[in-house]
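# Coordinate analysis (summary)
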Amino acid sequence: MSAAVAQRRITPSAALLDHLRQLLGDRLSTATAVREQHGRDESYHVTAPPDAVAFARSTEEVSEIVKACAAAGVPVIPFGTGTSLEGHVAALHGGISIDVSQMKEVLRVSTADLDCTVQAGVTRKQLNEHLRDTGLFFPIDPGADASLGGMAATRASGTNAVRYGTMRENVLGLTVVLADGRIIRTGGRARKSAAGYDLTRLFVGSEGTLGVITEVTLRLYGVPEAMAAAVCSFPTLAGAVDTVIQTIQSGIPVARIELLDEVQMAAINRYSKLDYPEQPTLFCEFHGTAAGVAEQSEMVKAIAAEEGAADFQWATKPEDRSRLWAARHTAYYAAIAMRPGAKGWATDVCVPISRLAECILETKKDIVESRLLAPIVGHVGDGNFHLAFIIDPDDPDEIARAQALNDRMVHRALAMGGTCTGEHGIGYGKINFLTAEHGDAVSVMRMLKKALDPDNIMNPGKIVSP
């Protein structure tokens, strides 16, 4: 990787850096530590630092930075909080990282229309803290406290997606800086529109390859009257997955239904100081009226009992629910902590719900045969599950076994009508799977990229190759 990056690197000139310093002052950094931080995400992928980091505070500043980089033919890499998992922020060709973390203003909240507009650097937790006294919340929660601009750019989802959808369904409009520095606004606040091409959906999931997202208009929801979470353990992985499938096929409107295998449960017990049975387990949550929550929970409980589950352990107090979901959200770090000195390689696939049990059980068999440490966890209510390979990055044999298992899992998912990534995105970590999934449609993606970014300066090397 390092040699390939070095060969393709486009280094900004002193004149460009001087121009950006005049614009930003000390908010342009070429410090090694800052550059290294902005050249890596939470994945195992090799760090590729940018040549400089520009800390923007407004859409207009982002526009000026992009215009200067476009004139010089220098790559631009958007950066939110660095929590992505497929190498999205790596500066594979060098260039300027545009950090939007200082763009953290909630610009507007409409309680009557159930929507808001935020700058791209606002994180999901910051938004929900801002909304705390309004009776509204934003439900998309990818685990990490990611920036909302980054969540839009990667088409993120999370534990609530089974009820509330993903960023695709919850972004109403965007402000985007294009590759030539133009500022455009897509979508709007109307709940539906038949006016022209749906540019909002084009940029949601574009991973910074078509433009820099600087503002996001989001759909909000009323805080439910009642919420209850439950933990349910199963003697077999098949029983847990079949419970999920029957729950979804029965039309029970669960808010969250998460699967953790016995390896992951052992990890979170130690990491989060819990004492749940170290068996395949479902974390469930129900939203609605008190009567509705009770009805939903009894229906899931009955299905689980038929699959041999133990009784539900309830978490109804807000602090208990928060503790439970905090443990789920830190599952990746809990897995890494099982093997000090190792690194995590997170990967995911998503399949139609009818094929979920088959896909997970075959993957589990592969893990056992590979002798790798790779806990399974997933947003299984929508057919999405994850592996975290806990590997020694200096052991070629371990890396080769992990790569082979990941390839096998992805191709299995594709053969089942699924996708190579349910929510992590492509970055450069999964770029080789895109053609296997989409075939000739990738050439259309490449045409769109060429039309909007003819000089290939917007996060080059991600999603599609030139």
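Please read these numbers as outputs of a predicted model, since none were measured by experiment. (Residues numbered from 1 in each chain as written. Predicted model: local features only at pLDDT ≥ 70, side-chain atom pairs only at ≥ 80, totals over all residues. Heavy atoms only, no water.)

### Remarks on the overall build of the chain
We apply this condition: Numbered from the N terminus, helices here are DSSP runs of H or I no shorter than four residues, and strands are runs of E no shorter than two. Radius of gyration means the value over C-alpha atoms here, while the globule rule gives 2.2 Å times the residue count to the 0.38 power. Partly exposed describes any residue whose relative accessible area lies between the buried limit of under 20% and the exposed limit of over 50%, with all areas from a 1.4 Å probe on protein chains only and scaled to the type maximum. Here a residue-residue contact requires only that any non-hydrogen atoms of the pair lie within 4.5 Å.
A count of helical and extended segments in the chain gives 18 helices and 18 strands. In summary, the chain has a C-alpha radius of gyration of 22 Å against a globular reference of 23 Å for 466 residues, a match within 12%. Evaluated residue by residue, the chain yields a buried proportion of 56% over its 466 residues. By sequence separation, contacts in the chain at least 24 residues apart represent 72% of the contacts at least 6 residues apart.

### Comments concerning the side chain of Asp51
Rule in force here: Polar contact is the term for a pair of N or O atoms within 3.5 Å; when the atoms are in protein, one must be able to donate a hydrogen and the other to accept it, and sequence-neighboring residues count only if both atoms are side-chain atoms.
For Asp51, the position within the fold is in the loop between helix 3 (32–37) and strand 2 (52–55). Side-chain polar atoms of Asp51 contact the side chain of Arg9, separated by 3.3 Å. A distance of 2.8 Å separates a polar side-chain atom of Asp51 from the backbone nitrogen of Gly95. Excluding its chain neighbours within four sequence positions, the residues that come into contact with Asp51 are Arg9, Ile10, Thr11, Pro12, Thr30, Arg35, Gly94 and Gly95.

### Some thoughts on a nonpolar patch on the surface
Put simply, the test is: Excluding any residue in a salt bridge, patches collect residues exceeding 30% relative accessible area, merging like charges within 9 Å and nonpolar Val, Leu, Ile, Met, Phe, Trp and Tyr side chains within 5 Å. Methods summary: accessible areas were calculated by the Shrake-Rupley approach with a probe of 1.4 Å, and residue burial reflects only the protein chains presented. Here, a salt bridge means any side-chain nitrogen of Lys or Arg that lies within 4 Å of a carboxyl oxygen of Asp or Glu.
A surface patch of nonpolar side chains, about 280 Å² in accessible area, is lined by Val444, Met447 and Leu448. Following the sequence through the fold, Leu448 ends up in helix 18 (residues 441–452). We classify Leu448 as partly exposed; its relative accessible area is 38%.

### Looking at helix 2 (residues 14–24)
Our working definition: Working definition: the arc comes from the directions between the helix axis and the C-beta atoms, pointing outward to the latter.
Those residues of helix 2 that sit buried are Leu16, Leu17, Leu20 and Leu24. Viewed along the axis of helix 2, the buried residues span an arc of 95 degrees, placing them on a single side of the element. Exposed and oriented more than 90 degrees from the buried face of helix 2 are Ala14, Ala15 and Gln22. Taken together, the buried residues of helix 2 touch strand 1 (28–29), strand 2, helix 4 (59–72) and strand 4 (96–99).

### Here we look at the sheet that holds strand 2
What counts is decided by this rule: Only strands that DSSP links by at least two bridges are regarded as paired with each other. Throughout, an axis means a line fitted to C-alpha atoms (over the contacting stretch in the case of helices), and angles, computed between N-to-C directions, take values from 0 to 180 degrees.
Taken together, 4 strands build an open sheet; the order of strands is 1-2-4-3 and the sheet is mixed. Strands at the two margins of the open sheet, each flanked by one partner only, are strand 1 and strand 3 (76–79). One ladder, built from 4 bridges, connects strand 2 with strand 4; its direction is parallel. Paired with Phe55 across the bridge in strand 4 is Asp99. Across the sheet, helix 4 is in contact with strand 2, strand 3 and strand 4; its angle to strand 4 comes to roughly 175 degrees.

### Description of the packing of helix 15 (residues 356–370) against helix 16 (residues 396–415)
This is how the line gets drawn: In these notes the angle categories are as follows: under 35 degrees is roughly parallel, over 145 is roughly antiparallel, 65 to 115 is roughly perpendicular, and the rest is oblique. Should the near helix be turned anticlockwise from the far one by less than a right angle, the crossing is left-handed, and should it be turned clockwise, the crossing is right-handed. Residues are grouped as follows: Ala, Val, Leu, Ile, Met, Phe, Trp, Tyr, Cys and Pro are nonpolar; Asp, Glu, Lys and Arg are charged; every other residue, Gly included, is polar.
In the contact formed by helix 15 and helix 16, the axes pass within 10 Å of each other and the chain directions differ by 165 degrees. Taken together, the axis directions place helix 15 and helix 16 in an arrangement best described as roughly antiparallel. Crossing hand, helix 15 versus helix 16: right-handed. Here Cys359, Glu362, Thr363, Asp366, Ile367 and Ser370 of helix 15 come into contact with helix 16, specifically with Arg401, Leu405, Arg408, Met409, Arg412 and Ala413. Tallied by class, residues from the contact of helix 15 with helix 16 come to 5 nonpolar, 2 polar and 5 charged.

### Focus on the nonpolar core
In plain terms, the rule: What we call a nonpolar core is a set of buried Ala, Val, Leu, Ile, Met, Phe, Trp, Tyr and Cys residues that are connected through their side-chain atoms within 4.5 Å.
Residues Val241, Leu259, Leu282, Leu356, Ile360, Phe385 and Phe389 are the most contacted members of the largest nonpolar core, which totals 53 residues. In terms of residue count, the dominant contributor to this core is helix 16 (6 residues). By size, the runner-up hydrophobic cluster in this structure holds 27 residues, among which are Val106, Ala146, Ala152 and Leu218.

### Quick notes on the sheet that holds strand 18 (residues 384–391)
A sheet is described by the order of its strands in space; here 7 strands give the open sequence 15-12-14-13-17-18-16, paired in antiparallel fashion. The sheet is open, and its two edges are formed by strand 15 (313–315) and strand 16 (343–350), each paired on a single side. The average angle at which neighbouring strand axes cross in this sheet is 20 degrees, direction not considered. Pairing geometry for strand 17 (residues 376–379) and strand 18, over 4 bridges, is antiparallel.

### Considering helix 11 (residues 262–272)
Taken together, the buried positions of helix 11 are Gln264, Met265, Ala266, Ala267, Ile268, Asn269 and Ser272. Where helix 11 is buried, its residues touch strand 13 (256–260), strand 14 (281–288), helix 13 (318–329), helix 14 (331–337) and strand 17. Structurally, the start of helix 11 carries an N-cap: the backbone nitrogen of Val263 is 3.2 Å from a side-chain oxygen of Asp261. Once helix 11 finishes, Lys273 follows within two positions and takes phi at roughly 60 degrees, a positive value.

### Here we look at the environment of Phe203
Counting through the fold element by element, Phe203 comes out in helix 9 (residues 199–203). Separated by 49 residues in the primary sequence, Phe203 and Thr154 have C-alpha atoms spaced 9.3 Å apart.

### Considering the pattern of salt bridges
Evaluated as defined, the whole model comprises 25 salt bridges. With its nearest N and O atoms 3.2 Å apart, the salt bridge here joins Glu129 to Arg132. Under the relative-accessibility criterion, Glu129 is labelled partly exposed at 45%. With a shortest N-O distance of 2.7 Å, Asp366 and Arg412 are connected by a salt bridge. You can see Asp366 sitting in helix 15 and its partner Arg412 sitting in helix 16, a full 46 residues away along the chain. Residue Asp366 shares its accessibility class with Arg412, and that shared class is buried. In the salt-bridge network here, residues are joined through shared partners; they are Arg108, Asp113, Asp115 and Arg189.

### Let's talk about the pairing of strand 14
Here strand 14 lies mainly inside the structure; 8 of its 8 residues are buried. Going residue by residue along strand 14, you find Thr281, Phe283, Glu285 and His287 tucked away on one face and Leu282, Cys284, Phe286 and Gly288 tucked away on the opposite face as well. Two elements, strand 12 (residues 226–233) and strand 14, share 8 bridges in a ladder whose sense is antiparallel. Across the sheet, the residue bridging to Ala228 is Phe286, located in strand 14. With 5 bridges joining them, strand 13 and strand 14 adopt antiparallel strand pairing. Considered in strand 14, the bridge of Leu259 is made with Leu282.

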